[in-house]
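# Coordinates in review
Spelled out from the first residue to the last, the chains are:
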Amino acid sequence: MKSHPKRAGGILQRQSLLSLAVLATITGCAENTSASLSNTTTDSASVRIVTSTRSVWGDSVARIESTPMLRIGAEGAGPHQFSFIGPALLLEGGRLAIVELAVNEVRLFDSTGSHLRTFGRRGRGPGEFGVISALHPKSRDSLSAYDQTEQRITVFSLENGELRTVSVEDLPTVRGRFDAFGAYDDGRLVLYNPGSSFRPDLAPGMQWDTTPVVVLDAGDGSARTIARMPSREQLVLEGGDSKLRQPAHGSIHAVADNGFYWGTTDRYEIRFYDQQGSLKRIIRRPVEPRPVEPAMIKAWIDQSLETVRQREGEQAIPRYQELYQEMESAEYVPLFYSAFVDRDARLWVGSSNWPSGDPSSRHWSVFAENGTWLGDVQAPPQLRIVDSRGDVVLGIWQDDGEAPFVHTHRLLRP
């Protein structure tokens, strides 16, 4: 590799569900942190800079209680069976909304795990989806689902299932591969473009591509570009073709009620912008990225080839081996993999697992709404965390080769 300069068992466990209805909010404790925990300054442009050197929770890492509070999953047909789980949300009253991507359904469960109703199905008609790429609350009594392939929004009533759709495919502002990555408190969706591997409009060389950030109103179907952000780093070749280095560097992004977060994986700096796209806050920690070492490259190639072997057979190995060994190598390991804002307005930032073959984050850093670093959370290797409220986390649990389950776990803070 060249261097480059610079399941399974109809199970529904019920334990204590009280905390799904009455949950302790810990965000407020961050407002009273001392100056020794974080240094906050304001520059001439009235941008608040929060630099955290210690966490509110102390030096110990929070962990996830091993026994789930709630476990939803089953064999055979029915709404409790899952095969490929997409977006999932904790809703008011302890309800859960889960997207099953295999059939493009949004399934609603109560706080005990009982199935309430199902919205949507695969198709192109009203109430149907090509791919549900995003699911967000529209209001206290409705959900908004974004269909990336059909480029339209479907709003479902949680009470009676009534729906309405808003098509955006003819809007020039969102023409192309746009996807929603969150929603404001008024239900407007926030979209970005993940990027393209063919960029004849860019000059040759290693550079960061950018994406417009678009606010989309599900009420009238209007869209407005509010910012332009760095999306991914790529090597642009003569003629417009491009290549990603390995490990690839890109961006993390998450939406809060009153704005959105954006950061790139090459530095520990996450920026918060208001609903109009104006920079308001910068979150920093003195964390440097790890250099990419030859052993990491070898581990990534070995794991990638094993995946090829399982999917395409031994005969495909030589072709991929040559491809991987000719790839450009990045100088540093990405700092982040993903991010989301939970029900208490806390920002969860997931660390990169590269060179692991499992890209999902297992180590998370949690920040209060004001930007203060609350602490870190270590998740079990089988658990993909997708939402949280108080001391409860919602996640997708999947053992190797087994069907996924929906879990809620208690967060055990130091």
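The residue numbers shown here count from 1 along each chain, following its written sequence. Under the rules for a predicted model, residues below a pLDDT of 70 receive no local features and side-chain atom pairs below 80 are neither given nor counted, while totals for whole chains, interfaces and linings still include all residues. Side-chain descriptors were evaluated using all non-hydrogen atoms of the structure, hydrogens and water having been removed beforehand.

### Re the overall build of the chain
- When you go through the chain residue by residue, the secondary structure sums to 3 helices and 31 strands.
- Burial status across the chain gives 52% buried among its 414 residues.
- Put simply, the chain shows about 18,500 Å² of open surface, and 48% of that area lies on carbon and sulfur atoms. Per the convention used, a helix needs a DSSP run of H or I reaching at least four residues, while a strand needs a run of E reaching at least two, with both numbered from the N terminus. We call a residue buried when its accessible area falls under 20% of the maximum for its residue type, exposed when it is over 50%, and partly exposed in between, using a 1.4 Å probe and counting protein chains only. The protein chains shown are the only cover counted for residues, whose accessible areas, like all others here, come from Shrake-Rupley with a 1.4 Å probe.

### Thoughts on the pairing of strand E16 (residues 189–192)
- Of the two faces of E16, the one lined by Leu189 and Leu191 and the one lined by Val190 and Tyr192 are each fully buried.
- Turn length for the strand E15 (residues 179–183)-E16 hairpin, with the two strands adjacent in sequence and antiparallel, is 5 residues, and the turn residue Gly187 shows positive phi of about 90 degrees.
- Only strands joined by at least two bridges in the DSSP assignment are considered to pair. In this sheet, strand E17 (residues 205–216) lies alongside E16 in antiparallel orientation, the contact comprising 3 bridges. Residue Leu189 lies in a different strand from E17, and its bridge partner there is Leu216.

### Notes on the pairing of strand E10 (residues 115–119)
- Sheet topology places strand E9 (residues 105–109) next to E10; 4 bridges connect them, and they run antiparallel. Considered in E10, the bridge of Arg107 is made with Thr118.

### Focus: helix H2 (residues 294–312)
- Helix length check: H2 (19 residues) gives 26 Å between terminal C-alpha atoms against 27 Å at 1.5 Å per residue, within 8%.
- When we look at burial in H2, the residues that qualify are Met296, Ile297, Trp300, Ile301, Ser304, Leu305 and Val308. The buried side chains of H2 occupy one side of the element, clustering within an arc of 160 degrees when seen end-on. The exposed residues of H2 that point more than 90 degrees off its buried face are Ala295, Lys298 and Gln310.
- One or two steps after H2, the chain reaches Gly313, where phi turns positive at roughly 95 degrees. A helix is expected to reach a length of 1.5 Å times the quantity of its residues less one. When we speak of the arc, we mean the arc of directions from the helix axis to the C-beta atoms.

### Regarding helix H3 (residues 317–325)
- Along H3, the residues classified as buried are Ile317, Tyr320 and Tyr324. With its buried residues spanning 75 degrees around the axis, H3 presents them on a single face. Exposed positions of H3 whose direction lies more than 90 degrees from the buried face are Pro318, Arg319, Glu322 and Leu323.
- Looking at the buried side of H3, the elements it contacts are H2. Note on definitions: a residue-residue contact is assigned when non-hydrogen atoms from the two residues lie within 4.5 Å.

### Some points on the side chain of Glu128
- Among the secondary structure elements, Glu128 is positioned in the loop between E10 and strand E11 (132–139).
- Residue classification places Glu128 among the buried residues on the basis of a relative accessible area of 13%.
- Polar contacts, as used here, are pairs of N or O atoms within 3.5 Å; protein pairs need one atom able to donate a hydrogen and one able to accept it. Residues neighboring in sequence count only if both atoms are side-chain atoms. Looking at Glu128, its side chain comes within polar contact range of the main-chain nitrogen of Gly125, at 2.7 Å.
- Excluding residues that lie within four positions of it along the chain, Glu128 makes contacts with Arg121, Arg122, Gly123, Asp147 and Arg152.

### What about empty space enclosed by the protein?
- Put plainly, a pocket is an open set of points on a 1 Å grid over the protein atoms alone with protein on both sides within 12 Å along at least five of seven lines, a cavity is a set where a 1.4 Å probe fits but cannot get out, and a lining residue has an atom within 4 Å of a point. Grid points are joined across faces, edges and corners, and a volume is the space filled by probe spheres set on the points. Taken as a whole, the largest cavity holds about 30 Å³ of empty space.
- Met206, Glu233, Gln234, Arg245, Pro247, Ala248, His249 and Ala330 are the residues that line the largest cavity.
- Of the residues that constitute the lining of the largest cavity, the class distribution is 4 nonpolar, 2 polar and 2 charged. The residue classification treats Ala, Val, Leu, Ile, Met, Phe, Trp, Tyr, Cys and Pro as nonpolar and Asp, Glu, Lys and Arg as charged. All others, Gly included, are polar.

### Overview of the side chain of Ser144
- Position of Ser144 relative to the elements: it lies in strand E12 (residues 142–147).
- Look at Ser144 and you get buried, because its relative accessible area is 1%.
- Dropping the residues within four chain positions of it, Ser144 is found in contact with Ala134, Leu135, His136, Lys138, Ile153, Thr154, Val155 and Leu189.

### Section: the sheet that holds strand E13 (residues 152–157)
- Pairing within the open sheet is antiparallel, and its 4 strands lie in the order E11-E12-E13-E14. At either end of the open sheet lies a strand with only one pairing partner, and these are E11 and strand E14 (163–167). Adjacent strand axes in the sheet meet at a mean angle of 20 degrees when their direction is disregarded.
- Alignment of E11 against E12, held across 6 bridges, turns out to be antiparallel. Across the sheet, residue Ile132 finds its bridge partner in E12, namely Asp147. Where helices are involved, their axes are fitted lines through C-alpha atoms of the stretch in contact, as for all axes, and angles between N-to-C directions lie from 0 to 180°.

### Regarding the sheet that holds strand E7 (residues 85–90)
- The 4 strands are arranged E7-E8-E9-E10 in an open sheet whose pairing can be described as antiparallel. At either end of the open sheet lies a strand with only one pairing partner, and these are E7 and E10. On average, each strand axis in the sheet is tilted by 20 degrees relative to the strand beside it, whichever way the strands run.

### Some thoughts on the confidence of the model for the chain
- What pLDDT expresses is the predictor's confidence in each residue, scored from 0 to 100. Considering every residue of the chain, the mean pLDDT works out to 86; 89% of them sit at 70 or more.
- pLDDT under 50 marks residues 2–36. Its contacts with residues more than four places away, or in other chains, come to 88 contacts.

### Description of the pattern of salt bridges
- Any Lys or Arg side-chain nitrogen located within 4 Å of an Asp or Glu carboxyl oxygen qualifies as a salt bridge. Counting across every chain of the model gives 21 salt bridges.
- Between Arg199 and Asp209 there is a salt bridge, with the nearest N and O atoms lying 2.5 Å from each other. Taken together, the residues span a long stretch of sequence, with Arg199 in the loop between E16 and E17 and Asp209 in strand E17 at a distance of 10 residues.
- Between Arg267 and Asp266 there is a salt bridge; the shortest N-O distance is 3.7 Å.
- By relative accessible area, Arg267 is classed as partly exposed at 48%.

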